[in-house]
Amino acid sequence: MSTSSLETASNPEGLRRIVIDPVSRVEGHGKVTILLDEMQRVQQVRLHIVEFRGFEKFIEGRPYWEVPVMVQRLCGICPVSHHLAASKALDRVVGAMPVTVSADKLRRLMHHGQIVQSHALHFFHLASPDLLFGLGAERDRRNIVGVAEAYPDTARQGILLRKFGQEIIRATSGKRVHGTGSVPGGMNRLVSAEDHAMLRAEVPQMLAWAQGAVDLVRRLHEQNPALYEGFASSPAPMMSLVGRDGAMELYDGVLRIRDANGAMLVDGVDDQRYRELIDEAVKPWTYMKFPYLRSMGAEAGWYRVGPLARLQNCDFIPTPRAEAQRRAFIDVHGGQVVHAALAFHWARMIEVLHGVEVIADLLDDPDILGGALMASGPRQAQGVGIIEAPRGTLIHDYTVGENDLVSRCNLIVATTHNNQAMNEAVRSVALQYLDGQTITEPLLNHIEVAIRAYDPCLSCATHALGRMPLAVTLRDAAGAVIDHVHRSSDGDTVRDRRPHAAEAP
Amino acid sequence: MTPELSAAVDVVAPVLVLGWGNPSRGDDALGPMFIERFEAFSQASMPPGSVECLTDFQLQIEHALDLIGRVRVLLVDASVELDAPFQVSVPRAARDASFTTHALAPEALLQVYRELHHGEPPPCTLLAIRAAHFELGEPPAAQALADLEQALAWAKRWLRSPPTVEKETP
């Protein structure tokens with residue numbers, strides 16, 4: 001059964017509504033609504049994301065040179081990606097095309113540090129509890145502490161891989177957080193000799209751990225291929241940057257789109273022309289936009305970005321260990337394109353290995369220790385910066401006035417690109433697991449696992465104590481609340497009849 | 001831990017003050033603002049190297065490494081659960097039972113430390129400051145800033161003489 005038909009039920013007024021809000025262990029606010037008919041069959045499924053608004057207002061009117069620093073505050077999970085995408089866009093405004101060799105390599109080093117630390121956090125902290133204990137495991141075990149107890153080496157390696165990536169970021173941006181290293185036109189710092197020596201000494205161990213992480217997720221896949229190849233599968237076109245030679249390219253390249261079967265739809269498109277390829281649709285039931293391929297239209301043109309798309313979009317990975325793992329991934333799947341949600345994890349770990357290999361190469365390059373850092377040229381009014389952030393393609397698009405203030409901006413983040421793909425994944429799971437039966441903890445977790453595979457960043461860095469309970473609301477056909485369950489901050493499940501404030505009637 | 005990373009934490013200040021939050025999301029800025037103010041105070045009033053102040057967007061697994069070698073730790077965050085301007089408590093290591101997001105609860109951070117290092121974390125105190133508004137691009141509310149002042153006053157006393165009670169509100 002196609003899942004797209006489950007976006008809007010034909011008679012929603014006569015259906016029961018189940019709301020899961022927010023999705024646990026996913027960044028920010030999100031909720032899932034599932035409407036059942038009188039026969040307990042799934043009739044409508046939607047993933048609501050409520051916090052993606054205000055980005056443009058936050059940026060417009062600011063001096064352009066402030067922007068690479070300010071945009072880091074849009075997301076507490078991937079601030080470096082915003083830092084670099086904004087810098088790339090504003091390089092064009094200051095005429096720095098290209099930036100210097102040293103600036104390019106320092107930014108690449110910073111970016112791959114971000115890839116490694118973000119992917120390590122996702123896999124070891126968010127995903128591995130599900131994968132190592134199984135999707136139906138009890139809630140108390142499905143967290144990093146459970147992993148640390150049962151798999152101490154895995155948890156320790158995850159933390160130290162993440163720490164390594166963060167040390168790369170600190171060495172290139174100047175700070176652990178709120179770094180200022182990248183600026184419009186280049187960089188403002190080199191890697192110090194002390195940091196260089198410390199980081200180089202870590203590389204052999206990090207390579208070994210990254211290799212081990214790929215091997216781990218591959219073994220998990222081979223132990224249960226039916227689950228890993230079928231769970232939450234939603235075929236879709238794939239978009240990413242690639243190098244001009246077709247290589248995996250995470251920092252700067254041209255746009256490529258393949259269809260769901262892997263056939264080339266678009267290739268070699270300059271990043272400044274992204275608006276010729278994609279547009280954004282608005283739907284009345286969510287604040288979040290739905291990007292789509294103009295050539296296919298708003299309904300059929302949705303696509304996927306992120307590690308799984310990047311791995312299958314490129315022709316090769318330009319580092320040997322990761323390329324060997326990419327070939328293994330393709331061989332295991334018989335050369336068929338994979339769209340299953342859990343395959344994200346394998347792709348993500350291959351990218352970690354690639355990231356550490358790139359870091360190793362750059363740490364051997366003298367250009368990160370010396371050389372010119374800034375470039376300039378004829379001023380432009382506009383600039384687009386596209387980067388492959390850990391979660392997928394990130395677009396920053398600015399217009400700057402003669403008064404140096406940003407007069408217009410458009411940001412498309414990876415989670416927005418994947419909005420429809422995540423909706424389709426949730427519908428696939430709901431069809432398979434929520435056929436009118438009681439909503440149990442393992443069943444809820446199946447939905448969450450599907451969303452978590454995309455590693456969505458649903459909101460940005462608001463993490464006050466006590467702000468994130470999990471709540472489930474059940475409404476009858478007349479709209480009345482018949483059940484409401486939420487978790488207290490200490491993990492207890494509380495059942496009451498209080499309607500959830502975030503739910504639309 | 002690899003020897004190189006271990007060396008990086010060989011010499012640490014005995015007191016760590018770690019606050020988190022997004023400086024551009026309303027009252028979520030209370031953690032970073034606290035750190036900025038407290039760092040200035042400690043540098044002016046304490047011997048060099050005796051206090052380290054760290055800030056981040058959110059509490060994360062790697063912060064377990066920042067606890068290594070400390071004599072005592074103060075954790076600071078905004079909280080939506082308070083009626084009082086601030087609350088002081090002693091977090092106990094526990095599995096992360098709350099459905100948080102990418103971030104850890106303070107209790108879970110201590111548990112990660114315990115599991116990774118096979119020992120008890122240093123004594124930690126959690127300072128939660130009352131918060132209510134979290135809009136992107138908005139400054140902290142006047143009430144939040146007033147609560148921050150009270151929390152800072154308490155923390156300055158904490159730095160000089162650690163409290164012995166498990167939970168405290170003004």
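Because the structure is predicted, anything quoted here is derived from the model rather than measured.

Here is what the cut-offs are and how they apply
Residues numbered from 1 in each chain as written. Chains lettered and ligands numbered in written order. Predicted model: local features only at pLDDT ≥ 70, side-chain atom pairs only at ≥ 80, totals over all residues. Helix = DSSP H or I, 4+ residues; strand = E, 2+ residues; numbered from the N terminus. Buried ≥ 20, exposed ≤ 12 C-beta atoms within 10 Å, placed from the backbone. Contact = placed C-beta atoms within 7 Å. Pairing = 2+ DSSP bridges. Axes fitted to C-alpha atoms, helices over the stretch in contact; angles between N-to-C directions. Parallel < 35°, antiparallel > 145°, perpendicular 65-115°, else oblique. Left-handed = near helix turned anticlockwise from the far one by under 90°. Nonpolar A, V, L, I, M, F, W, Y, C, P; charged D, E, K, R; others polar. Expected span 1.5 Å × (residues − 1). Arc of directions from axis to C-beta.

1. Looking at the overall build of chain A
When its secondary structure is counted, chain A shows 16 helices and 16 strands. For chain A, with 505 residues in total, the buried portion stands at 55%. Pairs at least 24 residues apart make up 69% of the contacts formed inside chain A by residues separated by at least 6 positions.

2. Some details on the sheet that holds strand E12 (residues 392–400) of chain A
Adjacent strands of a sheet pair through backbone hydrogen bonds, lying either parallel or antiparallel. Residue and element names in this part refer to chain A. Sheet architecture is open: three strands sit in the order E11-E12-E13, paired in antiparallel fashion. In the strand order of this sheet, the two ends are held by strand E11 (382–389) and strand E13 (406–412), each with one partner. The sheet shows a mean angle of 15° between the axes of neighbouring strands, direction not considered. Packed on one face of the sheet, helix H3 (residues 79–93) meets E11 and E12 and runs near 150° to E11.

3. Considering the packing of helix H12 (residues 320–332) of chain A against helix H13 (residues 343–363) of chain A
All names here are of chain A. Orientation of H12 relative to H13, taken along the N-to-C sense of each, is 165°, at an axis distance of 8 Å. Considered as vectors, H12 and H13 are oriented roughly antiparallel to each other. Between H12 and H13 lies a crossing whose hand is left-handed. Contacts from Arg-321, Ala-322, Gln-325, Arg-326 and Phe-329 of H12 reach H13 at Trp-346, Ile-350, Leu-353, His-354 and Glu-357. Counted by class, the contact of H12 with H13 contains five nonpolar, two polar and three charged residues.

4. Quick look at helix H2 (residues 30–45) of chain B
For H2 of chain B, which comprises 16 residues, the first-to-last C-alpha distance of 22 Å matches the rise-based estimate of 22 Å (1.5 Å per residue) to within 8%. Of the surrounding secondary structure, the elements contacted by the buried residues of H2 of chain B are strand E1 (15–20), strand E2 (51–56), strand E3 (72–79), strand E5 (124–130) and helix H5 (142–160) of chain B.

5. Concerning H5 of chain B
Given 3.6 residues per turn, any residue in an α-helix points the same way as the ones three and four places further on. All names here are of chain B. The terminal C-alpha atoms of H5, which comprises 19 residues, lie 28 Å apart, in line with the 27 Å expected from a rise of 1.5 Å per residue. Residues of H5 that are buried: Ala-144, Asp-147, Leu-148, Ala-151 and Ala-155. What you see down the axis of H5 is that its buried residues fit within an arc of 110°, all on one side. Facing away from the buried surface of H5 by more than 90 degrees, the exposed residues are Ala-142, Glu-149, Ala-153, Arg-157 and Arg-160.

6. Describing the sheet that holds strand E7 (residues 254–258) of chain A
Residue and element names in this part refer to chain A. Spatial ordering of the open sheet is given by E6-E7-E8, a layout of three strands whose pairing is antiparallel. Of all the strands in the sheet, the pair left with one neighbour each is strand E6 (238–242) and strand E8 (264–269). When the angles between neighbouring strand axes are averaged without regard to direction, this sheet yields 15°. With five bridges joining them, E6 and E7 adopt antiparallel strand pairing. Bridge pairing in E7 places Leu-241 opposite Leu-255.

Read these as spatial facts, not as claims about activity.
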